[in-house]
Amino acid sequence: MRAEIICIGSELLLGDIADTNTQYVARRLSALGIDLFYSTAVGDNLGRLVDCLRRGFERSDLILTSGGLGPTEDDLTREGIAALVGETPAVDESLAKALRQFFAARRIEMTANNLKQAWLIPSATAIRNVRGTAPGWWVRKGGKQIIAMPGPPGELHTMWEGEVEARLGDGLSVIRSRTLKLFNISESRVDELLKTLTSAANPSVGIYAKQDGIHVRITAKADCVRSAQQAIEPVEVEVRRIIGDSVWGTDDDTQEATAAALVAASGLTLAIGEGITCGQVASLIGGVSGSDSWSPWGDCPLRGWAERDAVGLASRVCREYHADLGLAVCGWPVVDADDGYG
């Protein structure tokens, strides 16, 4: 199944809010084994919205939209879908009744424009929204599907997990991934070493440069989770054999937690001395659960810029705090050439 996401709202294009819905839906589609080929953001303009929907309808099996389901004039998702499929929306009385009950229970006046949220077209069924007043639409037309969901992430997440995912994923394949995290090796070198693996389609192997090093992601599509995991295992073994000791973690592992686990497993204690980083390293490592058992002294901040030798500072904090290991960060501040530092 080929899918695409269309996020609707001028505030996205103006940079007023960040689009987290695309990332969320993309991850959930991947877990269902649905291929996401396109992602688009479009403003609150009916002509441009219909154009986006039409392109999606021509090239994809499934379109998922977020946003534009509110009661105001610039909420145009329903109008856009209705124009695309050539149908006229009308108030559904059961939805209208639920809306009136929602407002009455909260003693809030329900204005006439709220009835727009009770619209349906013949090709659409309503998707329940337990977090807000805007039901979604599930449209089936010409062998294609459009699932329209609200823009607020809390509403979209709840609707997806409670109303959409199980129905959409019934009978589909699944996708699972395993990420190996590397250090002390370049992206180009990893690409060179894994060339025979990155050319495969399933499981696929991708290489990504990230903040914490190079990531190698192995992804398999299968008819069940167990089969996908079984397909990943031999590829992971081969990647580890080729890469060797450069693998420092997997999936959700963090560098600070991995370093803390190594210190804790050794039974040694650690003291940290910092200059230019102003306590950031101690904050990261010291924030790991259980760190008080092996680093009870905190860090030793470097006073002024007299100590610029990391080895010397590491030795000093070891002595001062009677620790087995010393970790030090030193360096010059970044300054302008004419500010007196020379």
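Residues numbered from 1 in each chain as written. Predicted model: local features only at pLDDT ≥ 70, side-chain atom pairs only at ≥ 80, totals over all residues. Heavy atoms only, no water.

Observations concerning the overall build of the chain
For step 1, the next point in the chain: In terms of helices and strands, the chain carries twelve helices and 15 strands.
For step 2, the next point in the chain: Taken over the C-alpha trace, the chain has a radius of gyration of 27 Å; the compact-globule value for 342 residues is 20 Å, which it surpasses by more than 25%.
For step 3, the next point in the chain: Projecting the C-alpha coordinates of the chain onto the three principal axes gives extents of approximately 80 × 50 × 45 Å.
For step 4, the next point in the chain: Going through the 342 residues of the chain one by one, you find that 42% of them count as buried.
For step 5, the next point in the chain: Once local pairs closer than 6 in sequence are excluded, the contacts in the chain between residues at least 24 apart make up 68%.
For step 6, the next point in the chain: Approximately 18,200 Å² of the chain is accessible, and the part contributed by carbon and sulfur atoms is 51%.
For step 7, the next point in the chain: Taking the average place of the 34 positive charges on the side chains of the chain and the average place of its 45 negative ones, the gap between the two points comes to 6 Å. (Helix = DSSP H or I, 4+ residues; strand = E, 2+ residues; numbered from the N terminus. Rg over C-alpha atoms; globule rule 2.2 N^0.38 Å. Buried < 20%, exposed > 50% of the residue type's maximum accessible area, 1.4 Å probe, protein only. Contact = heavy atoms within 4.5 Å. Areas by Shrake-Rupley, 256 points an atom, 1.4 Å probe, with all protein chains shown as cover. Lys, Arg positive; Asp, Glu negative; His and termini not counted. Charge placed at Lys NZ, Arg CZ, Asp CG, Glu CD.)

Considering the packing of aromatic side chains
For step 1, the next point in the chain: Applying the stated criterion across every chain yields a total of one aromatic pair.
For step 2, the next point in the chain: Judged by centre distance (5.6 Å) and plane angle (80°), the ring pair of Phe102 and Phe103 falls under edge-to-face.
For step 3, the next point in the chain: A relative accessible area of 24% places Phe102 in the partly exposed class.
For step 4, the next point in the chain: Its end group placed over the ring of Tyr38, Arg59 keeps NZ or CZ at 3.7 Å from the ring centre.
For step 5, the next point in the chain: A cation sits over an aromatic face here: Lys144 above Phe57, 5.5 Å from the ring centre. (Phe/Tyr/Trp six-rings, centres within 6.5 Å; stacked < 30°, edge-to-face > 60°. Lys NZ or Arg CZ within 6 Å of the ring centre and 35° of its normal.)

A closer look at the environment of Gly70
For step 1, the next point in the chain: In this structure, Gly70 sits in the loop between strand E3 (62–66) and helix H4 (77–85).
For step 2, the next point in the chain: Relative accessible area serves as the criterion here: at 15%, Gly70 is assigned to the buried category.
For step 3, the next point in the chain: Other than its neighbours up to four places away in sequence, Gly70 contacts Asp75, Arg78, Lys116 and Gln117.

What to know about the nonpolar core
Across soluble globular proteins, you tend to see nonpolar side chains buried next to one another.
For step 1, the next point in the chain: Within the largest apolar cluster, 26 residues are counted, with the highest numbers of intra-cluster contacts made by Ile6, Leu53, Ile81, Ile121, Trp137 and Val139.
For step 2, the next point in the chain: Going through the elements one at a time, strand E1 (2–8), helix H3 (46–59), H4, helix H5 (93–105), strand E7 (136–141) and strand E8 (144–149) are the ones with two or more residues in this core.
For step 3, the next point in the chain: In contact with Trp137, not counting residues within four places along its chain, are Arg78, Ile81, Trp119, Leu120, Ile121, Ala124, Thr125, Ile127, Ile146, Ile147 and Ala148. (Core = buried A, V, L, I, M, F, W, Y, C linked by side-chain atoms within 4.5 Å.)

Observations regarding the packing of helix H2 (residues 21–32) against helix H6 (residues 153–169)
For step 1, the next point in the chain: Interhelical geometry of H2 versus H6 gives an angle of 20° and a closest axis separation of 11 Å. The orientation of H2 relative to H6 falls into the category roughly parallel. For H2 against H6, the interelement crossing comes out right-handed. Between H2 and H6, the contacting residues are Asn21, Tyr24, Val25, Arg28, Leu29 and Leu32 on the first element and Pro153, Leu156, His157, Trp160, Glu161, Glu165, Leu168 and Gly169 on the second. (Axes fitted to C-alpha atoms, helices over the stretch in contact; angles between N-to-C directions. Parallel < 35°, antiparallel > 145°, perpendicular 65-115°, else oblique. Left-handed = near helix turned anticlockwise from the far one by under 90°.)

Let's talk about empty space enclosed by the protein
Gaps left between atoms are located by rolling a probe of water-molecule size over the structure's atoms.
For step 1, the next point in the chain: Across all of its chains, the model carries one cavity of 30 Å³ or more by this definition.
For step 2, the next point in the chain: Approximately 30 Å³ is the volume attributed to the largest cavity.
For step 3, the next point in the chain: When contributions to the lining of the largest cavity are tallied by element, the ones reaching two or more residues are E1, H2 and E3.
For step 4, the next point in the chain: Taken together, the residues that form the lining of the largest cavity break down as six nonpolar, four polar and no charged. (1 Å grid on protein atoms, 1.4 Å probe; cavity = no way out; pocket = protein on both sides within 12 Å on 5 of 7 lines; lining within 4 Å. Points joined across faces, edges and corners; volume = space filled by probe spheres on them. Nonpolar A, V, L, I, M, F, W, Y, C, P; charged D, E, K, R; others polar.)

Describing the state of the cysteines
For step 1, the next point in the chain: If you walk through the whole model with that rule in mind, you get zero disulfides.
For step 2, the next point in the chain: Cysteine Cys7 remains unbridged, with the sulfur of Cys52 as its closest cysteine sulfur at 11 Å. (Disulfide = S-S within 2.5 Å.)

A few points about the confidence of the model for the chain
For step 1, the next point in the chain: When pLDDT is averaged along the chain, the result is 88, and 90% of the positions lie at 70 or above.
For step 2, the next point in the chain: The secondary structure element of the chain with the lowest average pLDDT is strand E14 (residues 299–301), at 48, and the one with the highest is E3, at 98. (pLDDT = per-residue confidence, 0-100.)

Details of the environment of Gly47
For step 1, the next point in the chain: Note on placement: Gly47 falls in helix H3.
For step 2, the next point in the chain: Classification of Gly47 as partly exposed rests on a relative accessible area of 49%.
For step 3, the next point in the chain: With 36 residues separating them in the primary sequence, Gly47 and Ala83 have C-alpha atoms 9.7 Å apart.

A word on the layout of surface pockets
For step 1, the next point in the chain: One number sums up the size of the largest pocket: a volume of about 700 Å³.
For step 2, the next point in the chain: Lining the largest pocket are 21 residues; nearest its centre among them are Arg27, Ser30, Ser177, Thr179 and Arg217.
For step 3, the next point in the chain: Every element with two or more residues in the lining of the largest pocket is listed here: H2, strand E9 (174–182), strand E10 (204–210) and strand E11 (213–222).
For step 4, the next point in the chain: Taken together, the residues of the lining of the largest pocket break down into six nonpolar, eight polar and seven charged.
For step 5, the next point in the chain: One number sums up the size of the second largest pocket: a volume of about 240 Å³.

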